[in-house]
Amino acid sequence: ENGPFVAVATVRHRSPEELRELWKKAILQQILLLRMEKENQKLQASENDLQNKRLKLDYEEITPCLKDVTLVWEKMLSTPGRAKIKADMEKIHAAIGQGVPRPHRGEIWKFSAEQYQLRHQVPHKSQLKDIPYKELLKQLTTQQHAILIDLGRTFPTHPYFSAQLGAGQLSLYNILKAYSLLDPEVGYCQGLSFVAGVLLLHMSEEDAFKLLKFLMYDMGLRKQYRPDMVTLQIQMYQLSRLLHDYHRDLYDHLEEYEIGPSLYAAPWFLTMFASQFPLGFVARVFDLIFLQGSEVIFKVALSLLGSHKPLILQQENLESIVEFIKNTLPNLGLVQMEKTYKPGV
């Protein structure tokens, strides 16, 4: 806590049994890594496999996209030299509001990121080392154990990620490993696997890494993943004040039972709702984040709580309130979710 040398004073000799266990764990991890390297070679061949792409997009849409809206998107995406041309933002907002075609969603996120960079100063150029993705993959990370543990916990029921060390888990491991090496200050933090996972469902592994970099640096999300978690604590306080200002009765009800946002909203911010909400809803949140920035997370959190206020106010003890917000609210169905989501929310 106070520096790298504190541990020296507290070193103790391990028993032979403890040493055996540590060696056993290290050997198993090494075997796992070797297997992953072998599987990675196969992964390159299957990256563009059509069946894999269908598997990735296996989730229920919230706002189905009509054919004429799809044509509007296709026209915007096919603009020659689009990365250097500022598009009509009103047109983009209108199109987002009418829906995003699932097969084009990844390309639309890339397009939104390009537009964002055209309109904003890019803060990360001086602090971000420009190391090619393939070079990062050749290196070892000290975060490998934490990443490996979380692979099976990330979208465990989604067919693309459910197979142990299948294509989904391998690609996810690669992205998280590469990011931990690129940004040693953050390294790997729980929650990042869900953000990377959502990106990976909509695009290639390398593109997902680029957009993770964009979200973390250009949009400033990396602040909330720093080890001290100070930014996350500030965000929880800000959400509390927003509740106080916009939904005072709900704020008072939660205060009565000493329920602060950190009890339920920390995973919303760290995973951008992906750890608890249906993927169709999460994809729509990402649509907005790429369009408007990270403040969308506050707006969606406030909208979720406000639109379910009568049901939350019916809960009359700490356990039932927290249980409702954490577990019942995310499963109220896509129709209810659609009411929560608004393009200008």
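Up top you'll find the structure we're talking about.
Below or above, wherever it landed, is the structure these notes cover. From a predicted model like this one, the values you see are computed outputs, not experimental measurements.

Looking only at helices and strands, the chain features 19 helices and zero strands. Buried residues in the chain amount to 49% of all 345 residues. Across the chain, every contact between residues at least 6 apart in sequence was considered, and the portion connecting residues at least 24 apart equals 78%. Entry remark: accessible area of the chain is about 17,900 Å², with carbon and sulfur atoms responsible for 55%.

The biggest cluster of nonpolar side chains holds 98 residues, and the ones touching the most others in it are Trp 73, Leu 215, Trp 268, Phe 273 and Phe 286. With ten residues, the single largest contributor to this core is helix H15 (residues 279–292). Look past the residues within four positions of Leu 215 in its chain and what remains in contact with it is Val 195, Leu 199, Gly 220, Leu 221, Met 272, Phe 286, Ile 289 and Phe 290.

This part covers unusual backbone geometry. In this structure, Phe 155 takes a positive phi of about 45 degrees despite not being glycine. Accessibility expressed as a relative area gives 8% for Phe 155, which makes it buried.

Right, let's talk about the environment of Ser 180 for a bit. Position of Ser 180 relative to the elements: it lies in helix H9 (residues 167–182). Of the residues examined, Ser 180 reaches a relative accessible area of 5% and is grouped as buried. Residues within four places of Ser 180 in sequence aside, it is in contact with Thr 141, Gln 143, Ile 147, Gly 187 and Tyr 188. Engagement of the side chain of Ser 180 in a polar contact is seen with the backbone oxygen of Lys 177, the distance being 2.7 Å.

A few words now on the packing of aromatic side chains. Each aromatic ring pair is characterised by the separation of its centres together with the angle its planes make. Following the criterion strictly, the structure yields 17 aromatic pairs and no others. With a centroid separation of 6.2 Å and 85 degrees between ring planes, the pair formed by Phe 273 and Phe 281 is classed as edge-to-face. Taken as a pair, Phe 273 and Phe 281 share a single burial class, namely buried. In this structure an aromatic cluster arises from ring pairing among Trp 109, Tyr 116, Phe 214, Phe 286 and Phe 290.

The next subject is empty space enclosed by the protein. Scanning the model with the defined rule gives one cavity of 30 Å³ or more in all. For the largest cavity, the full set of lining residues is Ser 240, Leu 243, Tyr 251, Leu 254, Glu 255, Ile 259, Gly 260, Pro 261 and Tyr 264. Those elements that provide at least two residues to the lining of the largest cavity are helix H12 (230–246) and helix H13 (248–256). No other element matches H13, which puts three residues into the lining of the largest cavity. Each residue belonging to the lining of the largest cavity can be placed in one class, and the counts come to six nonpolar, two polar and one charged.

Turning our eyes to something else, we now look at the packing of helix H4 (residues 67–77) against helix H6 (residues 105–119). Contact pair H4 / H6: the axes reach a minimum separation of 11 Å and the direction vectors enclose 50 degrees. Judged on the interaxial angle alone, H6 and H4 are oblique. Crossing handedness for the pair H4 and H6: left-handed. Packed against H4, whose contacting residues are Trp 73, Met 76 and Leu 77, the element H6 presents Glu 107, Ile 108 and Phe 111 at the interface. Along the lines of polarity and charge, the residues of the contact of H4 with H6 split into five nonpolar, no polar and one charged.

Take the pattern of salt bridges next. Tallied over the full model, the rule gives 16 salt bridges. Linking Arg 248 and Asp 252 is a salt bridge whose minimum nitrogen-to-oxygen distance equals 3.3 Å. Of this pair, Arg 248 and Asp 252 both sit in helix H13, four residues apart, roughly one helical turn. Given a relative accessible area of 44%, Arg 248 falls into the partly exposed group. Three or more residues are tied together by salt bridges with common partners; here these are Arg 82, Glu 107, Lys 110, Glu 114 and Asp 207.

Further remarks concern the packing of H6 against helix H11 (residues 205–218). The N-to-C vectors of H6 and H11 enclose an angle of 35 degrees; their axes lie 11 Å apart at closest approach. Crossing hand, H6 versus H11: left-handed. For the pair formed by H6 and H11, the contact residues are Trp 109, Lys 110, Ala 113, Tyr 116 and Gln 117 on the first element and Asp 207, Leu 211, Phe 214 and Asp 218 on the second. Looking at the contact of H6 with H11 residue by residue, the classes come out as five nonpolar, one polar and three charged.

Rules used throughout
- Residues numbered from 1 in each chain as written.
- Predicted model: local features only at pLDDT ≥ 70, side-chain atom pairs only at ≥ 80, totals over all residues.
- Heavy atoms only, no water.
- Helix = DSSP H or I, 4+ residues; strand = E, 2+ residues; numbered from the N terminus.
- Buried < 20%, exposed > 50% of the residue type's maximum accessible area, 1.4 Å probe, protein only.
- Contact = heavy atoms within 4.5 Å.
- Areas by Shrake-Rupley, 256 points an atom, 1.4 Å probe, with all protein chains shown as cover.
- Core = buried A, V, L, I, M, F, W, Y, C linked by side-chain atoms within 4.5 Å.
- Polar contact = N/O pair within 3.5 Å; in protein donor to acceptor, adjacent residues only side chain to side chain.
- Phe/Tyr/Trp six-rings, centres within 6.5 Å; stacked < 30°, edge-to-face > 60°.
- 1 Å grid on protein atoms, 1.4 Å probe; cavity = no way out; pocket = protein on both sides within 12 Å on 5 of 7 lines; lining within 4 Å.
- Points joined across faces, edges and corners; volume = space filled by probe spheres on them.
- Nonpolar A, V, L, I, M, F, W, Y, C, P; charged D, E, K, R; others polar.
- Axes fitted to C-alpha atoms, helices over the stretch in contact; angles between N-to-C directions.
- Parallel < 35°, antiparallel > 145°, perpendicular 65-115°, else oblique.
- Left-handed = near helix turned anticlockwise from the far one by under 90°.
- Salt bridge = Lys/Arg side-chain N within 4 Å of Asp/Glu carboxyl O.

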